[in-house]
Amino acid sequence: MRLLALAAILAGLTLSARAQDTHTITDHAGFAVEIPVEPLRVVSLHDWTATVMTYELGGNLVGSTGRLNKTTGEYFIRSGRELYQLGFGHGVEMASVHGQLDMEMIAALEPDLIIGNTGDTLEFRDQLNLIAPTMMFDPQNGHAPLDNYRDLAGWVNRTEKFDELLAQYEARIAAAKPIIMAENAAPTYVAMTPNPEDGDIRIFSTYGAQTQVLEDLGFLHGAIADRVPDGEQEAYFSAEIIGELNTDYIFSSHIVDDGEDETTMLKQLEEVAPGASQTLPSVQNNKFISMQRFFVYPTTFAAMNYVLDELEALAK
Amino acid sequence: MKAWLIPAPLVVLLVLSALHLTLGAASIDLGVILAAFTAYDPTNYAHVVVIFQRLTRLAVALYAGAALGVSGLLLQKIMQNGLVSPGTLGINAGATTFVVLGVFLLGLSGPGLFLPALLGGIISVMLTLLVSRLLTGQGDPKLNLVLAGSMIGALFSALTTFVLSMDPDSFGNIIGWIVGDIGNFDYQALAPMAPIGLLALIAAAVMSRAVDILVLGDEQAAVMGVNVRLVYGGTLLVAIVLAVSAVTVVGPIGFVGLVMPHIARILVGEIGRLPLWLCLVGGAALLTGADILARLLMAPRVLNVGTVMGFAGGLVFLALVIFGTRRSER
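Residues numbered from 1 in each chain as written. Chains lettered and ligands numbered in written order. Predicted model: local features only at pLDDT ≥ 70, side-chain atom pairs only at ≥ 80, totals over all residues.

(A) The overall build of chain B, seen in detail. The helix and strand inventory of chain B stands at 13 helices and zero strands. Start at the N end of chain B and walk to the C end: the helices and strands fall as α-α-α-α-α-α-α-α-α-α-α-α-α. A compact globule built from 330 residues would reach a C-alpha radius of gyration of about 20 Å, and chain B, at 20 Å, matches this within 12%. Structurally, chain B occupies a C-alpha span of about 65 × 55 × 35 Å along its principal axes. Per-residue burial for chain B yields a buried fraction of 47% across its 330 residues. Considering only intrachain contacts with a sequence separation of at least 6, the fraction spanning at least 24 residues in chain B is 75%. (Helix = DSSP H or I, 4+ residues; strand = E, 2+ residues; numbered from the N terminus. Rg over C-alpha atoms; globule rule 2.2 N^0.38 Å. Buried ≥ 20, exposed ≤ 12 C-beta atoms within 10 Å, placed from the backbone. Contact = placed C-beta atoms within 7 Å.)

Written out as structure tokens, the structure reads:
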């Protein structure tokens, strides 16, 4: 009996020691950071990238930034709400309002790993590092989106889960290809959104799950996407070049919360470029397709499955 | 009077306007550009580009440049200070803050933003003059005025940043405007602003002689029968209205109102209506040139005109300062 008790205590000590094991990883901002091998309290400071990815992989997420829903007055997790019905409470608490970091709120969550975003939180890295080891995630670093996701999986010690989900996704792509690509084995596409405020167009070289799935299926991006500067995800182009959007498909995205749908996006395109609807082949052939933005921006497997669902529905 | 200075700036402006219509991200033949004006075909996308993207931007650049140029001249004349402009007096920053507040608190948009912008412009000038008066007796009064304007401008800019941080998502679309930019749809905001600006320009021309007398000094002007307070206040209001009408359309674009009066002064001095004409046409030409660069430098990307103007205007102003210093040394 004594021997059993001693063994249990030693096992506990070993587990505890393991939980505190650390390794050094270089993040997307180039910082070598010593983080726990198995982070137990992860706080993400970017909802529709790091938060949803960590959650999808089953990482030990305890906090995330959130955004205000002006209609309800409640805070929500962008894309977490849409793809996973993930909200605050039930183990994931609000760490800050998006764009307004609150160090006290973050510290109160007692994180052992903070995942920031180079676009929003890099300037606060030193302060965040005083609270817990901080890794900077950069979804727009020019690397393949799934490579970035795999990096994050390693940070939260969920690489095996990532590989499992990746295998399932690849199998689904293989199954969906004959259905979606039945008409055309290599259709061309452009991912864009009109910008009715300034009258220009936003061209994407990559746009999360949307372009990931299209490329994996064998869609070919139009030449205009190559004019987006290297290492950048998007660029605003003059509406003068609308004629270069002469691809088989145009893929766009809209925000349902703002009352937008596919018709709205077509209307905005026509505002930005009057007459475009009559000249662009994709619009003429009903191949201007807009998907819900918060479902398709994250490069998570749930988002990619949503895109596949949409494309399969169109093919049928 | 140098008679050639009446048509010459107009010729420069016409050449720049022609270039503005000819050059852009898309290559369009000259014949097609002319046809867009003589036989517009809405199904021809090149015609759409010429009329609804280039011509409309040109109209906005012409108006905003002219308004800012004249506004700067009026301010520099009545304050007898070559360093003041809508930017350095805090007018642009004040107008921007009140526009952002109008959007955030009242949900205003389009021409509805003119009144808050005007209020912001007037309040910022009043505060600048007040702070400048507090500095009376300390240092150079001309520098004190610009220092006060910079302080007030910085305060308003901080307030703008604070309001933006309250809800960054809802301001995503006006970031370009805050930097100072010409958008393809700004002509819609221009339509209601142009009549206001036109009235202000007429008022500036009408008051030109009285303002010239004011330049002689308050006492001298009063002796010559000028109601100093009325002319000073009226000219200040006209200058603010011109600047604010431009800011409402394109945001706070700097340097036009600072640089153009200096160029006019070098060419024709500051008395009479000719400097007014030079600032009107020259301001329009300056901003049109900046817009050409904004559309061409990284085409098909379009740069913010405010950024291009800030860079080019800064260099021009530096050149003017060096030129002025060397001239005064001779």
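Having seen the structure, we can now continue with the description.
(B) Main features of the confidence of the model for chain B. The predicted model of chain B has a mean per-residue pLDDT of 91, with 98% of residues at 70 or higher. Listed scores for the predicted complex are pTM 0.80 and ipTM 0.72. (pLDDT = per-residue confidence, 0-100.)

(C) Seen up close, the interface of chain A and chain B. Facing 21 residues of chain A, the contacting portion of chain B comprises 24 residues. Listing elements by their share of the side of chain A that touches chain B, those giving two or more residues are β12 (234–238) and α11 (276–279) of chain A. Looking at the side of chain A that touches chain B residue by residue, the class counts come to seven nonpolar, eight polar and six charged. (Nonpolar A, V, L, I, M, F, W, Y, C, P; charged D, E, K, R; others polar.)

(D) Here's a closer look at the pairing of strand β2 (residues 32–36) of chain A. Residue and element names in this part refer to chain A. With five bridges joining them, strand β1 (residues 22–26) and β2 adopt antiparallel strand pairing. Bridged to T24 within β2 is E34. Between the end of β1 and the start of β2, which pair antiparallel, lie five residues, with G30 showing a positive phi angle near 90 degrees. (Pairing = 2+ DSSP bridges.)

(E) The nonpolar core, seen in detail. Counting 171 residues, the largest nonpolar core has I203(A), V307(A), A64(B), V70(B), A243(B) and V244(B) as its most contacted members. No other element matches the 20 residues that helix α3 (residues 45–79) of chain B contributes to this core. When residues of this core are assigned to domains, at least three map to each of domain 1 (21–157) and domain 2 (177–315) of chain A. (Core = buried A, V, L, I, M, F, W, Y, C linked by C-beta atoms within 7 Å. Domains from an automatic or database assignment.)

(F) Here's a closer look at the domain arrangement of chain A. All names here are of chain A. In terms of domains, chain A is made up of domain 1 (21–157) and domain 2 (177–315). Averaged C-alpha coordinates put domain 1 and domain 2 at centres separated by 28 Å. The interface of domain 1 with domain 2 comprises 16 residues on the first partner and 16 residues on the second. Contributions of two or more residues to the side of domain 1 that touches domain 2 are made by α2 (47–56), α3 (80–84) and α7 (145–155). In terms of residue count, α2 provides more of the side of domain 1 that touches domain 2 than any other element does, five residues in total. When grouped by side-chain class, the residues that make up the side of domain 1 that touches domain 2 number eight nonpolar, five polar and three charged.

(G) Just the environment of D112(A), in detail. All names here are of chain A. Of note, D112 is situated in the loop between α4 (103–108) and β7 (113–117). For D112, a count of 20 C-beta atoms within 10 Å translates into the label buried. Placed 25 residues apart in sequence, D112 and F137 show a C-alpha to C-alpha distance of 16 Å. Not counting residues within four places of it along the chain, the set of residues in contact with D112 comprises P36, P39, L40, R41 and A132.

(H) View of the environment of T299(A). Residue and element names in this part refer to chain A. By the element assignment, T299 lies in the loop between α13 (293–296) and α14 (301–315). Separated by 217 residues in sequence, T299 and E82 place their C-alpha atoms 14 Å apart. Once you skip the residues sitting within four places of it in the chain, T299 turns out to touch P145, L146, Y149, G208, A209 and Q212.

(I) Fine view of α3(B). Residue and element names in this part refer to chain B. Between its first and last C-alpha atoms α3 spans 49 Å; for 35 residues at 1.5 Å apiece the expected length is 51 Å, and the two agree. Of all the bends in α3, the largest measures some 30 degrees and sits at L55. Along α3, 31 of the 35 residues are buried, which leaves the element largely enclosed by surrounding structure. (Expected span 1.5 Å × (residues − 1). Bend = angle between axes of the 7 residues up to and from the residue.)

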